[in-house]
Amino acid sequence: MTNPWQRVTDVATRLSTVSRESRYDPYALFDWPPSLPDNQYWMSPELMTGYGTAFWDELDEPQRVMLSRYEAVNFFSVNVHLIRELIGGVADRIYTTWHPGLSEFFHDFIAEENVHAWFFATFCQRYGGKVYPIRRIDLGSSSADGIVRDLVVFGRILIAEELCDFFNVAMADDDRLPPICQQINRVHHQDEARHIAFGRQLMRALRDEAIERVGQEKVAETGEHLARYITFCVRSLYNRDMYADAALPDPAGVRNRLLGDPQRTEMHRRAVGRTVAFFNRIGIVDGDRVRL
Ligand SMILES: [Fe+2]
Ligand SMILES: [Fe+2]
């Protein structure tokens, strides 16, 4: 049987080649209009945080369209913050001995993520006037042991990438949205398909290594942390500031109401179901422990 690290290195080498062959100039690729129409959805309505609930029925069409602008800016802002974190995590490990043979891929990964953060933030600043800050919550620390930390760091990266990709895929060709919105989602998805393929292989190799070095119990603790992280990522889409910016009364109340709505739980399952199933299948996250 192939050594799992060898398999990860082979995948990384292949993906690096594809990455270098498909590199684009982000500064030339996007055509940024001076402004975006305010009578058009910027985010697919089915992906918005209120969709399918009684709250949605209470909004009139202009309110939904207005809210979609802030939801798009928030979704891209969440991407910016998750990318900032993942660039830091990968940069810390770029020449560590845990991952011999992965340095080249990590360079490509960081280069691509740097571009992603740039186009997401450019959209937010041009059309929303800001990148929304993200609210940090204490997810509890995990063991300081190197391999366990790596499991957490790369697990978080994969979770963030798969969640964002669910939205990117749905909006890549949604012609109800302005072309720049579609294009950003489409370009991001094309790069992320590589990162996700790599991330899944890496998680398997890290799991084997972690079980061998520190045992199943420590790996299970990591799983608890990652389960909380999944919930955190999903909830970060419900930013009360965007309800306030869309001039909706009681923004904090709107957030609580939506997060407590069973219709939304269904949507969360669709968004992260594949990810939870993967982590469950490889024995890291107990799917029943993920609060959605
Ligand atoms: Fe990205
Ligand atoms: Fe990525």
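Provided above is the structure to which this section pertains.
Remember, predicted model here, so these are calculated numbers, not experimental data.

Caption draft 1: Inspection of the overall build of the protein at higher detail. Each helix and strand counted, the protein has eleven helices and zero strands in total. Going from the N terminus to the C terminus, the protein shows its helices and strands as α-α-α-α-α-α-α-α-α-α-α. At 19 Å, the protein has a C-alpha radius of gyration in line with the 19 Å of a compact globule built from 292 residues. Counting only C-alpha atoms, the protein reaches 60 × 45 × 25 Å along its principal axes. For the protein, the residues scored as buried account for 38% of the 292 residues in total.

Caption draft 2: A look at the packing of helix 1 (residues 4-21) against helix 5 (residues 103-128). Between helix 1 and helix 5, the shortest axis-to-axis distance is 9 Å and the interhelical angle comes to 40 degrees. By the angle between their axes, helix 1 is oblique relative to helix 5. At the point where helix 1 passes helix 5, the crossing takes the left-handed sense. Contact residues: Ala12, Leu15, Ser16, Ser19 and Arg20 in helix 1; Glu104, Phe105, Asp108 and Glu112 in helix 5. For the contact of helix 1 with helix 5, the per-class residue count stands at three nonpolar, two polar and four charged.

Caption draft 3: Quick peek at the environment of Leu158. For Leu158, the location among the structural elements is in helix 6 (residues 146-171). Note on Leu158: 22 C-beta atoms within 10 Å, which makes it buried. Spatially, the C-alpha atoms of Leu158 and Leu86 are 9.5 Å apart, while their sequence positions differ by 72 residues.

Caption draft 4: The arrangement of the nonpolar core in detail. Of all hydrophobic cores here, the largest spans 71 residues; its most connected members are Phe76, Ala160, Leu226 and Ile230. Beyond its immediate stretch of four places on either side in the chain, Leu226 contacts Val152, Gly155, Arg156, Ile159, Phe279, Ile284 and Val285.

Caption draft 5: A look at helix 1. Over its 18 residues, helix 1 extends 26 Å from the first C-alpha to the last, a length consistent with the 26 Å expected when each residue adds 1.5 Å. Taken together, the buried positions of helix 1 are occupied by Val8, Ala12, Leu15 and Ser19. All buried residues of helix 1 project into a common sector of 75 degrees when viewed along the axis, lining one side. Opposite the buried face of helix 1, at more than 90 degrees from it, the exposed residues are Gln6, Val18, Arg20 and Glu21. Where helix 1 is buried, its residues contact helix 5 and helix 7 (179-214).

Caption draft 6: Region of interest: the packing of helix 5 against helix 7. Remark: helix 5 packs on helix 7, axes separated minimally by 11 Å, with the N-to-C direction vectors making an angle of 155 degrees. Considered as vectors, helix 5 and helix 7 are oriented roughly antiparallel to each other. Where helix 5 crosses over helix 7, the handedness of that crossing is left-handed. Contact residues: helix 5 offers Phe105, Phe109, Glu112, His116, Phe119 and Phe123, while helix 7 offers Ile184, His188, Asp191, His195 and Phe198. Here the contact of helix 5 with helix 7 is built from residues that sort into six nonpolar, three polar and two charged.

Caption draft 7: Molecular detail of the environment of Gly273. In this structure, Gly273 sits in helix 11 (residues 262-281). In sequence terms Gly273 and Gly283 are ten residues apart; their C-alpha atoms lie 15 Å from each other.

Caption draft 8: Representation of the environment of Gly223. Looking at the secondary structure, you find Gly223 in helix 8 (residues 216-235). When the C-alpha positions of Gly223 and Asp286 are compared, they lie 7.0 Å apart, and in sequence the two are 63 residues distant. Contacts of Gly223, omitting those with residues within four sequence positions, involve Ile284, Val285 and Asp286.

Caption draft 9: Summary view of unusual backbone geometry. For Ala247, which is not a glycine, the phi torsion comes out positive at approximately 65 degrees. The topology assignment puts Ala247 in the loop between helix 9 (240-245) and helix 10 (251-259). For Ala247, a count of 11 C-beta atoms within 10 Å corresponds to the exposed category.

Cut-offs used in this document
- Residues numbered from 1 in each chain as written.
- Chains lettered and ligands numbered in written order.
- Predicted model: local features only at pLDDT ≥ 70, side-chain atom pairs only at ≥ 80, totals over all residues.
- Helix = DSSP H or I, 4+ residues; strand = E, 2+ residues; numbered from the N terminus.
- Rg over C-alpha atoms; globule rule 2.2 N^0.38 Å.
- Buried ≥ 20, exposed ≤ 12 C-beta atoms within 10 Å, placed from the backbone.
- Axes fitted to C-alpha atoms, helices over the stretch in contact; angles between N-to-C directions.
- Parallel < 35°, antiparallel > 145°, perpendicular 65-115°, else oblique.
- Left-handed = near helix turned anticlockwise from the far one by under 90°.
- Contact = placed C-beta atoms within 7 Å.
- Nonpolar A, V, L, I, M, F, W, Y, C, P; charged D, E, K, R; others polar.
- Core = buried A, V, L, I, M, F, W, Y, C linked by C-beta atoms within 7 Å.
- Expected span 1.5 Å × (residues − 1).
- Arc of directions from axis to C-beta.

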